[in-house]
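Coordinate analysis (summary)
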Amino acid sequence: QHGPVEEVRSRPATGGVAALLGSANLLQGDVQGGCLRLGPLRLPVDHRDGPAVVTLMSDRMSLDRPAWQAVCLPGVMGAAVMRGPYRMVRVDTAAGPVEVAAGNVDRSPGSAVEVWFDPVDLWPIPHHATLPTSISTSTPASPVTVGGVR
């Protein structure tokens with residue numbers, strides 16, 4: 001995959017690209033009749049029916065309700081760890097575990113939380129790809145080629 005870093009990072013072509021270029025959360029869902037089901041969420045999509053895997057970047061989510069229009073996945077908070085400048089918080093949701101880049105966390109592990117995000121930040125990837133749960137790496141300089149020579 002070739003293109004500007006932010007484009008490749010937020011719109012990966014495969015699970016491997018998503019894992020290589022940033023804190024990619026890979027969520028398992030199902031599409032039926034133009035509706036993506038992610039745990040309790042139902043979102044309209046233009047995607048074929050069947051199992052679906054979508055990416056959602058850790059820095060595009062929040063544990064606090066944002067001022068902009070967003071949807072949320074309820075979950076249970078796990079451990080928080082520092083990764084570079086970010087405090088990463090694991091949240092177990094019905095669509096799978098996610099890591100959220102969070103600032104000050106005033107909740108303890110085991111607490112019920114909501115993971116807020118803009119649905120436009122979800123990106124479907126081929127279901128047949130090999131998918132790690134999540135991985136964090138530093139972002140390389142632009143432009144980037146994944147799976148080719150550069």
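Before any of the text, the structure's been laid out above.
So, here's what we can say about the structure. (Residues numbered from 1 in each chain as written. Predicted model: local features only at pLDDT ≥ 70, side-chain atom pairs only at ≥ 80, totals over all residues. Heavy atoms only, no water.)

**As for the side chain of serine 111**
Mapped onto the secondary structure, serine 111 falls in the loop between strand 9 (96-102) and strand 10 (112-117). With residues up to four places along the chain from it excluded, the contact list for serine 111 reads Gly75, Val76 and Met77. (Helix = DSSP H or I, 4+ residues; strand = E, 2+ residues; numbered from the N terminus. Contact = heavy atoms within 4.5 Å.)

**Section: the pairing of strand 10**
Here strand 6 (residues 61-62) pairs with strand 10 via two bridges, running antiparallel. By the bridge assignment, methionine 61 is partnered in strand 10 with phenylalanine 117. As paired strands, strand 7 (residues 71-83) and strand 10 are joined by six bridges and run antiparallel to one another. Looking at the pairing, proline 74 lines up with glutamate 114 of strand 10. (Pairing = 2+ DSSP bridges.)

**Digging into the sheet that holds strand 6**
On the basis of which strands lie adjacent, the open sheet formed by five strands has the order 6-10-7-8-9 and antiparallel pairing. Edge positions in the open sheet fall to strand 6 and strand 9, since each of these has one partner strand only.

**Here we look at the nonpolar core**
Of all hydrophobic cores here, the largest spans 24 residues; its most connected members are Leu27, Leu38, Leu63, Val91, Phe117 and Leu122. Once you skip the residues sitting within four places of it in the chain, leucine 38 turns out to touch Leu27, Gln28, Gly29, Val54, Leu73, Ala95 and Leu122. Formed by six residues, the second largest nonpolar core is a distinct cluster that contains Ala18, Ala24, Leu26 and Met57. (Core = buried A, V, L, I, M, F, W, Y, C linked by side-chain atoms within 4.5 Å. Buried < 20%, exposed > 50% of the residue type's maximum accessible area, 1.4 Å probe, protein only.)

**Things to note about the environment of serine 111**
In this structure the C-alpha to C-alpha distance between serine 111 and methionine 77, which are 34 residues apart in sequence, comes to 5.4 Å. Of note is the side chain of serine 111, whose polar atom sits 2.6 Å from the backbone oxygen of serine 108. (Polar contact = N/O pair within 3.5 Å; in protein donor to acceptor, adjacent residues only side chain to side chain.)

**A look at the pattern of salt bridges**
Taken as a whole and assessed by the stated rule, the structure comprises six salt bridges. Here aspartate 64 makes a salt bridge to arginine 107, at a shortest N to O gap of 3.2 Å. A residue pair is termed long-range when its members are at least 10 positions apart, and aspartate 64 in the loop between strand 6 and strand 7 and arginine 107 in the loop between strand 9 and strand 10 qualify at 43 residues. With relative accessibility at 28%, the residue arginine 107 sits in the partly exposed group. One connected set of salt bridges, linked through shared partners, spans Asp64, Asp106 and Arg107. (Salt bridge = Lys/Arg side-chain N within 4 Å of Asp/Glu carboxyl O.)

**Re the pairing of strand 4 (residues 41-44)**
On strand 4, burial follows the alternation: Leu41 and Leu43 on one face are buried, whereas Arg42 and Pro44 on the facing-out side are not. Two strands pair when backbone bridges link them, and strand 3 (residues 35-38) and strand 4 are joined in this way by four bridges, in the antiparallel orientation. Its bridge partner lying in strand 4, cysteine 35 is registered against proline 44. Count of turn residues in the strand 3/strand 4 antiparallel hairpin: two residues, of which glycine 39 carries a positive phi of about 55 degrees.

**Some points on the sheet that holds strand 5 (residues 50-57)**
The pairing of strands in a sheet comes from backbone hydrogen bonds and takes either a parallel or an antiparallel form. If you walk across this open sheet you meet the five strands as 4-3-2-5-11, and the pairing is antiparallel. Either end of the sheet is taken by a strand with one partner, and the two such strands are strand 4 and strand 11 (123-125). Each neighbouring strand pair of the sheet contributes to a mean axis angle of 40 degrees, computed without reference to strand direction. Inspection of the sheet shows strand 2 (residues 24-32) paired to strand 5 by eight bridges, in the antiparallel sense. The partner of aspartate 30 across the bridge, within strand 5, is proline 51. (Axes fitted to C-alpha atoms, helices over the stretch in contact; angles between N-to-C directions.)

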